[in-house]
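Chains, contacts and geometry: an overview
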Amino acid sequence: MVVEMIFQYRTLVGKCELGLGLTWDEIAQLGAIETTFAPMDDDRRMTTGRKFRREQTRLSALMRGDRIHDKVELVEVSPGGFVCRRAPYVAPGETVELVVDAGDQLLHFTARGVWLKDDGEDYRVGLALVGMPVATRVVVLTAHQADVVDQIKLAA
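Reading guide: rules and limits
- Residues numbered from 1 in each chain as written.
- Predicted model: local features only at pLDDT ≥ 70, side-chain atom pairs only at ≥ 80, totals over all residues.
- Heavy atoms only, no water.
- Salt bridge = Lys/Arg side-chain N within 4 Å of Asp/Glu carboxyl O.
- Helix = DSSP H or I, 4+ residues; strand = E, 2+ residues; numbered from the N terminus.
- Buried < 20%, exposed > 50% of the residue type's maximum accessible area, 1.4 Å probe, protein only.
- Axes fitted to C-alpha atoms, helices over the stretch in contact; angles between N-to-C directions.
- Parallel < 35°, antiparallel > 145°, perpendicular 65-115°, else oblique.
- Left-handed = near helix turned anticlockwise from the far one by under 90°.
- Contact = heavy atoms within 4.5 Å.
- Nonpolar A, V, L, I, M, F, W, Y, C, P; charged D, E, K, R; others polar.

1. Observations regarding the pattern of salt bridges
- Per the counting criterion, the structure on display carries 9 salt bridges.
- Taking the shortest distance from any N to any O, the salt bridge between R86 and E73 comes out at 2.7 Å. Of this pair, R86 sits in strand β3 (residues 81-87) while E73 sits in strand β2 (residues 68-78), and the two are 13 residues apart along the sequence.
- Judged by its relative accessible area of 9%, E73 is buried.

2. Some words on the packing of helix α1 (residues 2-17) against helix α2 (residues 24-36)
- Between α1 and α2, the shortest axis-to-axis distance is 10 Å and the interhelical angle comes to 130 degrees. When the axes of α1 and α2 are compared, the pair comes out oblique. Judged by the sense of rotation from one axis to the other, the crossing of α1 with α2 is left-handed. In this structure, α1 uses M5, Q8, Y9, L12, V13 and K15 to contact α2, whose residues at the interface are E26, Q29, L30, I33, E34 and T36.
- Looking at the contact of α1 with α2, its residues break down into 6 nonpolar, 3 polar and 3 charged.

So, in structure tokens, the structure goes:
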């Protein structure tokens, strides 16, 4: 999944920003991810200084922030940021959290609003990723099944 690759990239960059350094294998991973998202020669945005090309997606995410708790659609992703549709108003410079469901994990990204465009009743928002992301495990608890221990308690 492309979001997991971006999670890995942001984690490695976060380690560098914290001054922890990277192993040779992690440096190779970082380089491989940057190569994967490098702009193509015919990409018109390459001349404007954008470091990464965006990958088209249709992922659902939860956007949280100051008075924000909305489901949004990730339509473009890159190691530098995300573009969301059906988003609430996010002022330029405002910090939000995006939570993406990746199977047995929830990936939490912190982002800063960069640009905003009208998109019908909602907005299309450009977000720049900041900091190190966090992954949390999803644990599903099942309903209790009656067993022998429950029968002993009832008999007592």
